Amino acid sequence: MTTKTGCRHLILILGDQLTPAISSLLGADRERDRVMMVEVQEETTYVRHHKKKIAFVLSAMRHFARELREDGWQVDYVKLDDDANTGSFRGEVARACAALAPETLIVTEPGEWRVRADISSWQELTGVPVELREDTRFIISGAGFRAWAADRKQLRMEHFYREMRLKTDLLMENGKPAGGKWNYDADNRKPARTDLFMPQPARCSPDEITREVLDLVGARFGDHVGTLEPFWFAVTRRDAEAAFDLFLKEALAGFGTYQDAMLTGEKFLYHSVISAYLNAGLLDPLDLCRKVEAAYEKGNAPLNAAEGYIRQILGWREYVRGIYWLKMPDYAGSNAFGASRSLPGFYWTGETGMRCLAEAVGQTIEEAYAHHIQRLMITGNFALLAGVDPHEVHEWYLAVYADAYEWVELPNTIGMSQFADGGLLASKPYVSSGNYINKMSDYCGDCSYDVRLKTGKAACPFNALYWAFLERNRDVLKGNPRLGQPYATWNRMAPEKQAEYLESAANFLERLDRNESV
Ligand code: FAD
Ligand code: DLZ
Ligand code: SF4
């Protein structure tokens, strides 16, 4: 803290609230009020975040503090290595309140239940009234989502998305969806070829502020997962917007078609790689959707790409946030299959003969990024098939991705990927054998296992694990109409064949449990 002169309102801005229009600043006075931002050890270690994620958040925070100061705000900024830093939000808030004796402490609601629960005790802790304001950076409010969810038997994203299209008028023509359909996924989901033009995300050079942060993170978090360099993330609004503009120009047109594709060495394909910027507040979701709509209207992107992209932000992103706040805190403990296996060690190293996992985990370690289908159909699929404890899976996703905050990560992991909520979010578990991965990627060609073999030590482990998963979880899944066909196939199989699959899966899982290299 730089001063003890007191203030009217003390406004705390968190590391993912880096938006000048954040609700906590609304109505504030640059002369009489103060902003505080704090780098705290607790936020960097409550899960052991990837080094690049920590560096991104801290550097973006420092740049935002500079932006606020240039705009005339008085900002008290506590760095991680400041001597008096107590290491937690509550410690820093208590220290600032004691020094400044504000009339009110104002904070926009945080994105994680854990922090919200903490904030509820700050008034008693400090003696200063705490005003918690709604986070207005989403396209639908918490109350709006609750109203949508009320009395519905099923909370399916597709229904929610259609209402959001109507609400925002995005890609609508005279009250009807552009092109006559709500969803163009039937045109998407094509595998990619290596000879395609491969767009690359914008790469920013670290400035002096980022360099200082990189040194700090390298020195303090050397034992956390991930490589720190090269560091190329945007850390300012201007650079994040430029990164999105480059995506619009070079990659959006291919986004729909190649949305589910995977290729060895191609970490980004036609994805926008902006989730870390968006979730930290450097970009605005509705603004991105409008820009994509404009690209479609100008003829710069086909409808399947524009619709597919808008659905991710207007649909999925808003929907998972709604589900998170509707279902927490119990949601975090969901474990419909009672899965209890420990997360395999190779999730932290990428050292496995399974090429698909080595690729997805390897690029996660390098970039703190993997695209959606890698998260869902490679790392998520394997964890689900292997019966890994969903809470461990959740903590892994929360730690390793630069875009991960619990409001968005938890429903994606617990609900979409691990089906641990028993089908609240997804209508069936996202599981597959090696066949799907082979169809959507070129990984299998360079794997220690053979995707064509069904059982035995040399066979692709996904093949036997898939059937063993269905058999093991029959009680939970038997009524699921979308699994009728796989269960019918399994039931038709000769008992000896079934036994072979189950034995093969059990042998593989035993090797995993013995920490043998797989
Ligand atoms: P693109 O593919 O270019 O998509 C555009 C944008 O749409 C993304 O930036 C993101 O803001 C939004 N979006 C797409 N899919 C989703 C989704 N399912 N939920 C919410 N928003 C979505 N996304 C996060 O932002 N943070 C997370 O912590 C996170 N954890 C995930 C964990 C699992 C197990 C899975 C299966 C998905 C997770 N996702 C998460 C969703 C998705 O994988 C990422 O948003 C996406 O990969 C980010 O890369 P991108 O910016 O290139 O996205
Ligand atoms: C993720 C993160 C990290 C690594 N560090 C900080 C920090 O030092 N200070 C801060 O204000 N925020 C940080 N964050 C983001 C917070 O974890 C995030 O604001 C909460 O989880 C609420 O969503
Ligand atoms: Fe993955 Fe199986 Fe293909 Fe190997 S063969 S890359 S383990 S899907």
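The following paragraphs examine the structure supplied in this document. (Residues numbered from 1 in each chain as written. Chains lettered and ligands numbered in written order. Predicted model: local features only at pLDDT ≥ 70, side-chain atom pairs only at ≥ 80, totals over all residues. Heavy atoms only, no water.)

1. Concerning the sheet that holds strand β2 (residues 34-38)
- One open sheet holds the five strands; their spatial order is β3-β2-β1-β4-β5, and the pairing between them is parallel. Two strands bound the open sheet, and with one partner strand each, they are β3 (75-78) and β5 (130-133). Here the strands of the sheet are splayed against their neighbours by 20 degrees on average, with no regard to which way each runs.
- Sitting on the sheet, helix α2 (residues 51-70) is in contact with β2 and β3, with an inclination near 160 degrees to β3.
- Strands β1 (9-12), β2, β3 and β4 (104-108) of the sheet are contacted by helix α3 (residues 89-100), whose axis makes an angle of about 150 degrees with β2. (Pairing = 2+ DSSP bridges. Helix = DSSP H or I, 4+ residues; strand = E, 2+ residues; numbered from the N terminus. Axes fitted to C-alpha atoms, helices over the stretch in contact; angles between N-to-C directions. Contact = heavy atoms within 4.5 Å.)

2. A word on the site of ligand 1
- Near ligand 1 lie 29 residues; those nearest to it are His271, Ser272, Val273, Asn279 and Tyr369.
- Here Ser275 contributes a backbone N or O atom positioned 3.1 Å from an oxygen atom of ligand 1.
- The side chain of Asn279 places a nitrogen or oxygen atom 2.8 Å from an oxygen atom of ligand 1.
- For ligand 1, whose unbound accessible area comes to 820 Å², protein coverage reaches 99%.
- For the shell around ligand 1, the secondary-structure elements that each account for two or more residues are α11 (275-280), α13 (303-327), α16 (372-386) and α18 (406-417).
- A breakdown of the residues in the shell around ligand 1 according to their chemical character gives 15 nonpolar, ten polar and four charged. (Near = heavy atom within 4 Å. Polar contact = N/O pair within 3.5 Å; in protein donor to acceptor, adjacent residues only side chain to side chain. Areas by Shrake-Rupley, 256 points an atom, 1.4 Å probe, with all protein chains shown as cover. Nonpolar A, V, L, I, M, F, W, Y, C, P; charged D, E, K, R; others polar.)

3. Re the pattern of salt bridges
- With the rule as written, the count across this model stands at 36 salt bridges.
- For Glu212, the salt bridge identified is with Lys79, shortest N-O distance 3.1 Å. Remark: Lys79 occurs in the loop between β3 and α3 and Glu212 occurs in helix α8 (residues 208-220); sequence separation between them is 133 residues.
- On the accessibility criterion, Glu212 (42% relative accessible area) is partly exposed.
- Among the ionic contacts, a cluster of salt bridges with common partners joins Glu39, Arg62, Lys79 and Glu212. (Salt bridge = Lys/Arg side-chain N within 4 Å of Asp/Glu carboxyl O. Buried < 20%, exposed > 50% of the residue type's maximum accessible area, 1.4 Å probe, protein only.)

4. Here's the deal with the packing of helix α15 (residues 355-367) against α16
- Two numbers describe how α15 lies on α16: the axes approach to 10 Å, and their chain directions differ by 115 degrees. Handedness of the α15/α16 crossing: left-handed. Residues Cys356, Leu357, Ala360, Val361 and Gln363 of α15 lie in contact with α16, whose contacting residues are Gln374, Ile378, Thr379 and Phe382.
- In the contact of α15 with α16, the residues fall into six nonpolar, three polar and no charged. (Left-handed = near helix turned anticlockwise from the far one by under 90°.)

5. Looking at the site of ligand 3
- For ligand 3, the full set of nearby residues is Met354, Arg355, Cys356, Gly434, Ile437, Tyr443, Cys444, Cys447, Tyr449, Val451, Cys460 and Phe462.
- Broken down by secondary-structure element, the contributors of at least two residues to the shell around ligand 3 are α15 and α19 (434-440).
- Across the shell around ligand 3, the residue classes break down as ten nonpolar, one polar and one charged.

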